[in-house]
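Residues per chain, in single letters:
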Amino acid sequence: METATPALVTDGLTRRFGDRIAVDKLSIQVQPGDVYGFLGPNGAGKTTAIRCILGLIRKDAGNVRIFGETDPVRQRAHVGAMVETPRFFDWMSARGNLERTAAFAGKGDRSDIDRALQLVGLWGRESEPVRAFSLGMRQRLGIARALVGRPKLLVLDEPTNGLDPRGMKEVRDLLDNLAKSTQLTIFISSHLLDEIEKLCGRVGIIEHGRMIAEGKVDDLVAGEGGVTAVEVGARDRAGLCSALEAMDDVKLDGDGLGGRLRVLLAGVEPAALNARLVSAGVAVTALVPQERNLEQLFLSLTSKEIT
Amino acid sequence: MPPHMLAMIRAEIVAVFGRWSGRGALVVALAVGLLAVGGLEMASRAADNINANGTPAASMLTVDWATCVAWSLQARNFFVLPLLIALAGASTLSGELKENTLREILVRPVPRWSVVFAKVAALSVLSIATLGVTAAASLVGGAIMFPMEEAITGHLMGFAMSWLSDLGLITMTLLVASFSRSVGGVVVSLALYLMADFLLGTLLGFLGQLGTDWAPIVRDFLPGTALQAWKDWDVGFEPKRVGALVVWTIVTWVLTTIRVQRMDVP
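Rules used in this analysis
- Residues numbered from 1 in each chain as written.
- Chains lettered and ligands numbered in written order.
- Predicted model: local features only at pLDDT ≥ 70, side-chain atom pairs only at ≥ 80, totals over all residues.
- Heavy atoms only, no water.
- Helix = DSSP H or I, 4+ residues; strand = E, 2+ residues; numbered from the N terminus.
- Contact = heavy atoms within 4.5 Å.
- Areas by Shrake-Rupley, 256 points an atom, 1.4 Å probe, with all protein chains shown as cover.
- Lys, Arg positive; Asp, Glu negative; His and termini not counted.
- Charge placed at Lys NZ, Arg CZ, Asp CG, Glu CD.
- Pairing = 2+ DSSP bridges.
- Axes fitted to C-alpha atoms, helices over the stretch in contact; angles between N-to-C directions.
- 1 Å grid on protein atoms, 1.4 Å probe; cavity = no way out; pocket = protein on both sides within 12 Å on 5 of 7 lines; lining within 4 Å.
- Points joined across faces, edges and corners; volume = space filled by probe spheres on them.
- Domains from an automatic or database assignment.
- Buried area = accessible area lost by both parts, 1.4 Å probe.
- Salt bridge = Lys/Arg side-chain N within 4 Å of Asp/Glu carboxyl O.
- Polar contact = N/O pair within 3.5 Å; in protein donor to acceptor, adjacent residues only side chain to side chain.
- Nonpolar A, V, L, I, M, F, W, Y, C, P; charged D, E, K, R; others polar.
- Expected span 1.5 Å × (residues − 1).
- Buried < 20%, exposed > 50% of the residue type's maximum accessible area, 1.4 Å probe, protein only.
- Parallel < 35°, antiparallel > 145°, perpendicular 65-115°, else oblique.
- Left-handed = near helix turned anticlockwise from the far one by under 90°.
- Core = buried A, V, L, I, M, F, W, Y, C linked by side-chain atoms within 4.5 Å.

Novice: Report on the overall build of chain A, specifying residues and quantitative values.
Specialist: A count of helical and extended segments in chain A gives 11 helices and 13 strands. With respect to the three principal axes, the spread of C-alpha positions in chain A is 70 × 45 × 40 Å. Look at the contacts in chain A between residues 6 or more apart in sequence, and 69% of them connect residues 24 or more apart. Roughly 13700 Å² of accessible area belongs to chain A as shown, and the carbon and sulfur atoms make up 47% of that amount. Positive and negative side-chain charges in chain A, numbering 40 and 41 respectively, have mean positions lying 6 Å apart.

Now the structure itself:
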């Protein structure tokens, strides 16, 4: 059976800034139709990798192929991109900005621009100058711009950056709708693990420029070596905190429900934690295991304290 | 050459004329043309009332259509309009680097050299538009106000040559702009360079008068001197300066393209 040409392949992608390696032999494979989440802590090299993929910055080593193309200009014919906060000619109308993009894309007529504006919910506002747009509207316009020319691969770098919760939901719903209603392949980097978990079928997690985990979200979350989260309650909250802080393989993760503490466990069973706490003189009143999710996986893989 | 090069140039023209530097250049160009007509008219009236050593000043001042066009050409190329053209050039590269709008077009399927080409072409259109506006204002105003005695072919060639000077200025500006994100910094750097160039040219001219053979040759090939090639058209064609201007334009254009081709765009 013939396999489809991957939408995006990076092979040993490397970029250095002086002595610092920002992207280190990064290999990614994204299949057509995938919604791929690209995760990593701040400074992990996500944006640098995306800029290398888009040809905005030079790569020191490695290859990038987009739908089998190796020539950077031909590659970009398949790609629509939004890198960090989208920027526009503020004095120009939304339509004017998209027309400019269409001119440089070499494709995208009036109907194409209309479709992009409709998809992002800016139809009817297209004649207004961008300076009048809110951050959320600009973000949606950025996605509309990425859609001009009907690309096969959408690359979005932190598309919800700087948005309030309402704006984040708007963008998430928009991407969800795009993923379901079109055959687009979406490559999205974000800090919002909950959003990625809802949107993406596959994820790659990088740290210090290296891929440390990649696969289907469900497989990764269910896999071995992850983190279990529990909420722990005790009469002596201060004593509980002290006891937990003294343990190397657990991490306090904020407040849980009903005055309980949320705790991440790396390879520690909840029962074993209970035993340790009791032996430390803490009278445990509640120990509630939490469902595993992408956030816990991400923290277990990227948090030095508990790995 | 991308098949959609013309669309790219059109998009750049919209951007160049949409910025205040582009619109301002057009307004100033019109004002310069009209001021040349008005200034010459005022000068001729004042000259009627002035005697210099018994000779009427009016007899020493040529007041006709051709003089009006010559004045407008001199005024057009004096400082303000070239500065606005340089400002428009700096805005189109440094400004877009700073505002990150350049990034948005570089992720499109176009080679970077073609982006530079589109910008140079759009800025050239701005230059042609300003020259056309000044020339039209002085030609029409001069034809109405003054007698049409002398031929204006040399002055019109001066206007045409000014476009080549502007093209040289544009490519020099883009080269400097490719190293900076500060529009003001680019214009100031360029102005400082041209001042230094002028001082060096003056020094070389002085050395030439003292008998140093090579000094005038070197002076003619200084970029700042080459940009003044338009001045020679009413006194005769000077191939050395025009050649130097063409060389500097090509060199700075190629260097700008290489720089933009290699630069990391954040």
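Right, picking up where we left off after that structure.
Novice: Explain the sheet that holds strand β2 (residues 20-30) of chain A to me, using residue names and the numbers behind them.
Specialist: Residue and element names in this part refer to chain A. One open sheet holds the three strands; their spatial order is β2-β1-β4, and the pairing between them is antiparallel. Edge positions in the open sheet fall to β2 and β4 (61-66), since each of these has one partner strand only. Averaged over all neighbouring strand pairs, the angle between strand axes comes to 20 degrees, with direction disregarded. The sheet contact formed by strand β1 (residues 8-17) and β4 spans five bridges and is antiparallel. For V9, the partnering residue across the bridge sits in β4 and is R65. Most of the contacts of helix α1 (residues 46-54) go to β1, to which it runs at about 115 degrees, and overall it touches β1, β2 and β4.

Novice: Account for the layout of surface pockets, naming residues and giving values.
Specialist: Residue and element names in this part refer to chain B. There is about 930 Å³ of room inside the largest pocket. Residue lining of the largest pocket: 27 residues in total, with N77, L194, F198, G224 and Q228 positioned closest to the centre. Taken together, the elements giving at least two residues each to the lining of the largest pocket come down to α4 (80-98), α7 (153-177), α8 (183-209) and α10 (223-226). Considering every element that reaches the lining of the largest pocket, the biggest residue donor is α8, with nine residues.

Novice: Lay out the domain arrangement of chain A in plain terms, naming residues and giving numbers.
Specialist: With domains assigned, chain A is organised as domain 1 (8-218) and domain 2 (227-291). Using only C-alpha atoms to locate each centre, domain 1 of chain A and domain 2 of chain A end up separated by 39 Å.

Novice: Can you break down the interface of chain A and chain B residue by residue, with the values?
Specialist: By a widespread convention, an interface's size corresponds to the accessible area lost as its parts come together. With 30 residues of chain A at the interface, the matching set in chain B holds 30 residues. Between chain A and chain B lies a buried interface of about 2600 Å² when both sides are counted; carbon and sulfur atoms form 56% of it. Contact with chain B buries area across many residues of chain A, yet A:L56, A:R87 and A:F104 alone supply 29% of it, more than any other trio. Summed over the shared surface of chain A and chain B, the number is six salt bridges. For B:D264, the salt bridge identified is with A:R58, shortest N-O distance 3.6 Å. Remark: the boundary between chain A and chain B carries 18 residue pairs in polar contact (both at pLDDT 80 or more). Where the side of chain A that touches chain B is concerned, the elements lending two or more residues are α1, α2 (72-76), β5 (79-82), α3 (94-105) and α5 (135-147) of chain A. Per-element tally for the side of chain A that touches chain B: the top contributor is α3(A), with five residues. When grouped by side-chain class, the residues that make up the side of chain A that touches chain B number 18 nonpolar, four polar and eight charged.

Novice: Break down the side chain of B:E96 for me, with residues and values.
Specialist: Mapped onto the secondary structure, B:E96 falls in helix α4. Once you skip the residues sitting within four places of it in the chain, B:E96 turns out to touch A:F89, A:R100, B:E12, B:R19, B:S91, B:T101, B:L102, B:I105 and B:K119.

Novice: An account of α5(A) is requested, with residue identities and associated values reported.
Specialist: Here α5(A) is 13 residues long and its end C-alpha atoms lie 19 Å apart, about the 18 Å a rise of 1.5 Å per residue gives. The element α5(A) is largely enclosed, with a buried count of 12 among its 13 residues. A:G136, A:M137, A:R138, A:Q139, A:R140, A:L141, A:G142, A:I143, A:A144, A:R145, A:A146 and A:L147 are the residues of α5(A) that are buried. Packed against the buried residues of α5(A) are β5, α3, α4 (110-119), β6 (153-157) and α6 (165-181) of chain A together with α5 (101-106) of chain B. Immediately beyond the C-terminal end of α5(A), within one or two residues, lies A:G149, with a positive phi of roughly 90 degrees.

Novice: An account of the pattern of salt bridges is needed here, citing residue identities and associated values.
Specialist: Tallied over the entire structure, the rule returns 32 salt bridges over all chains. For A:D60, the salt bridge identified is with A:R15, shortest N-O distance 3.9 Å. Of this pair, A:D60 sits in the loop between α1 and β4 while A:R15 sits in strand β1, placing them 45 residues apart in sequence. For A:D60, a relative accessible area of 38% gives the class partly exposed. Judged by relative accessible area, A:R15 falls into the buried class, the value being 6%. Here B:E104 and A:R145 are joined by a salt bridge, their closest N and O atoms 3.2 Å apart. Separated into two different chains, B:E104 in helix α5 and A:R145 in helix α5 make up a pair that spans both.

Novice: Residues and numbers for the packing of helix α3 (residues 65-76) of chain B against helix α6 (residues 112-145) of chain B, please.
Specialist: Residues and elements named next belong to chain B. Interhelical geometry of α3 versus α6 gives an angle of 150 degrees and a closest axis separation of 9 Å. Between α3 and α6, the angle is such that the two are roughly antiparallel. Judged by the twist between their axes, the crossing of α3 over α6 is right-handed. On α6, the residues touching W65, C68, V69, S72 and R76 of α3 are S127, T130, L131, T134, S138, L139, G142 and A143. A breakdown of the residues in the contact of α3 with α6 according to their chemical character gives six nonpolar, six polar and one charged.

Novice: Let's hear about the nonpolar core: which residues, and what values?
Specialist: In terms of nonpolar packing, the biggest core is built from 89 residues, with A:F38, A:L54 and A:F187 touching the most fellow members. If you tally residues by element for this core, the top one is α6(B), at 10 residues. Those residues in contact with A:L54 that lie beyond four places of it in its chain are A:R76, A:V79, A:A81, A:V83, A:V155 and B:V107. In terms of nonpolar packing, the next biggest core, distinct from the first, is built from 44 residues, A:A102, A:V120, A:I188 and A:A213 among them.

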